[in-house]
Amino acid sequence: QVQLVESGGGLVQTGGSLSLSCASSGGTFSSYAMAWFRQAPGKERDFLAGIGRSSVGTNYADSVKGRFTISRDNVKNTVYLRMSSLKPEDTAVYYCAADRNSVGFPPRTRDKYEYWGQGTQVTVSS
């Protein structure tokens, strides 16, 4: 049984930086594609960044490319999201997700991910 727990959310000023963590338990973490999504109230849950089993297999949404960096530590069973140059539009609940089935680059579609964390709030002040 795979369980994911996000942490590191908080309040940050426009232009600032913040780092999120997602701790995984159960299953075999190193065999999963991992991703970060975010969702604001009344909005869809959007893909932000994904990382596959390969260290070179990463995908980023255009809205965060160059500002956000996803990484993973297979010893600690943790995936990270390092965020910089934050904007008020980045305000949302950020979710970690795991996909047991993908090969190569991680998928960008919500329905492809089988396991989800509870989310952590990120608020960017203007």
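Being a predicted model, the structure only gives us computed values, none of them experimental.

S.K.: Would you take a moment to explain the nonpolar core for this structure?
M.R.: Nonpolar side chains tend to gather and get buried jointly when the protein is soluble and globular. Core analysis: the largest hydrophobic core is formed by 29 residues, its most contacted members being M34, W36, V79, L81, M83 and Y94. Within the residue set of this core, elements represented by two or more residues are strand 3 (18-25), strand 4 (33-39), strand 5 (46-51), strand 7 (68-73), strand 8 (78-83), strand 9 (92-99) and strand 11 (120-125). The leading source of residues in this core is strand 9, at four residues. Counting five residues, the second-largest nonpolar core is a separate cluster that includes A35, F37, A97 and Y113.

S.K.: Looking at this structure, how should I read the sheet that holds strand 7?
M.R.: Backbone hydrogen bonds are what pair the strands of a sheet, in a parallel or an antiparallel way. Strand order in this open sheet of four strands is 1-3-8-7, and the pairing throughout is antiparallel. Each edge of the sheet is formed by a strand with only one pairing partner; in this case those strands are strand 1 (3-7) and strand 7. Adjacent strand axes in the sheet meet at a mean angle of 15° when their direction is disregarded. Bridging between strand 1 and strand 3 involves five bridges; their strand directions are antiparallel. If you follow Q3 over to strand 3, its bridge partner there is S25.

Definitions and limits used
- Residues numbered from 1 in each chain as written.
- Predicted model: local features only at pLDDT ≥ 70, side-chain atom pairs only at ≥ 80, totals over all residues.
- Heavy atoms only, no water.
- Core = buried A, V, L, I, M, F, W, Y, C linked by side-chain atoms within 4.5 Å.
- Buried < 20%, exposed > 50% of the residue type's maximum accessible area, 1.4 Å probe, protein only.
- Helix = DSSP H or I, 4+ residues; strand = E, 2+ residues; numbered from the N terminus.
- Pairing = 2+ DSSP bridges.
- Axes fitted to C-alpha atoms, helices over the stretch in contact; angles between N-to-C directions.

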